[in-house]
Amino acid sequence: GEDVEQSLFLSVREGDSSVINCTYTDSSSTYLYWYKQEPGAGLQLLTYIFSNMDMKQDQRLTVLLNKKDKHLSLRIADTQTGDSAIYFCAERGNNNDMRFGAGTRLTVKP
Amino acid sequence: DTEVTQTPKHLVMGMTNKKSLKCEQHMGHRAMYWYKQKAKKPPELMFVYSYEKLSINESVPSRFSPECPNSSLLNLHLHALQPEDSALYLCASSQDLMDYTFGSGTRLTVV
């Protein structure tokens, strides 16, 4: 995960918006991804964005991509307690693997 | 079927045991992967199989031995593991850039 960086913790109140940020290094990345991992569980693909897009919206999720700055963000609107989890930003590596950031632990307080 | 199924979900094994982790997908994906995830860390790639052939081995110790019997199945054979090998082992499969699916993982404890 050294090539993909994320802040480690985010705490919000229920009903607020959450914004999780990520920076990546590989400018040739075609797709960038957001995964969610709940305690003791595997990884759930939340959304992805193609590199020629600036924004993608999917219900409560909005992904913003700034290719110039290699910055990716995930906004969760109306955050609920069920959104508490670790969120991983990822880019596709040369080995067809997923390269993950360290993960951001989102805590939603009632 | 849009899932990657991993069994068992939990496994406790001694350092002299031999066990196997299993992974199955029926999405027609031709690439399958093993990842290892330690607590509070992101997943790290171990092996990549492409069209049932091992294409990547990320310098994984020989006590981990992958096997791909057919295009739907991926196994990870474990022998003489160490306590530091305790982790969540994740299987994934993919077909194209948009379709990369992870299983729920096997939580392995080596005692």
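Residues numbered from 1 in each chain as written. Chains lettered and ligands numbered in written order. Predicted model: local features only at pLDDT ≥ 70, side-chain atom pairs only at ≥ 80, totals over all residues. Heavy atoms only, no water.

1. Remarks on the sheet that holds strand 8 (residues 71-76) of chain A
Residues and elements named next belong to chain A.
No. 1: Within the open sheet, the 5 strands sit side by side as 1-3-8-7-6. Their pairing is antiparallel. The sheet is open, and its two edges are formed by strand 1 (4-6) and strand 6 (55-58), each paired on a single side. Along the sheet, successive strands turn relative to each other by an average axial angle of 15 degrees, direction set aside.
No. 2: In the sheet, strand 7 (residues 61-66) pairs with strand 8 via 6 bridges, with the strands oriented antiparallel. Directly across from leucine 65, in strand 8, lies its bridge partner leucine 72. (Pairing = 2+ DSSP bridges. Helix = DSSP H or I, 4+ residues; strand = E, 2+ residues; numbered from the N terminus. Axes fitted to C-alpha atoms, helices over the stretch in contact; angles between N-to-C directions.)

2. Points about the state of the cysteines
No. 1: What the rule picks out here adds up to 2 disulfides over all chains.
No. 2: Note that cysteine 22 of chain A is cross-linked by a disulfide to cysteine 89 of chain A, the S-S spacing being 2.0 Å. Disulfide cysteine 22 of chain A-cysteine 89 of chain A: the torsion about the S-S bond is -60 degrees, which places it as left-handed. Residue cysteine 22 of chain A is located in strand 3 (residues 18-24), and its partner cysteine 89 of chain A is located in strand 9 (residues 85-92); the two are separated by 67 residues in the primary sequence.
No. 3: Here cysteine 23 of chain B pairs with cysteine 91 of chain B through a disulfide, and the sulfurs are 1.9 Å apart. In this structure the cystine formed by cysteine 23 of chain B and cysteine 91 of chain B twists about its S-S bond by roughly -70 degrees; its chirality is therefore left-handed. (Disulfide = S-S within 2.5 Å.)

3. Details of the interface of chain A and chain B
Interface size, as often reported, equals the accessible area lost upon joining of the parts.
No. 1: Opposite the 21 residues of chain A that make contact, chain B presents 23 residues.
No. 2: Looking only at chain A, the three residues that lose the most surface to chain B are Leu43, Arg92 and Asn95 of chain A, adding up to 27% of its buried area.
No. 3: Where chain A meets chain B, there are 0 salt bridges.
No. 4: There are 4 residue pairs in polar contact (both at pLDDT 80 or more) connecting chain A and chain B.
No. 5: When contributions to the side of chain A that touches chain B are tallied by element, the ones reaching two or more residues are strand 4 (31-37), strand 5 (44-50), strand 9 and strand 10 (98-100) of chain A.
No. 6: Looking at the side of chain A that touches chain B residue by residue, the class counts come to 11 nonpolar, 7 polar and 3 charged. (Contact = heavy atoms within 4.5 Å. Buried area = accessible area lost by both parts, 1.4 Å probe. Salt bridge = Lys/Arg side-chain N within 4 Å of Asp/Glu carboxyl O. Polar contact = N/O pair within 3.5 Å; in protein donor to acceptor, adjacent residues only side chain to side chain. Nonpolar A, V, L, I, M, F, W, Y, C, P; charged D, E, K, R; others polar.)

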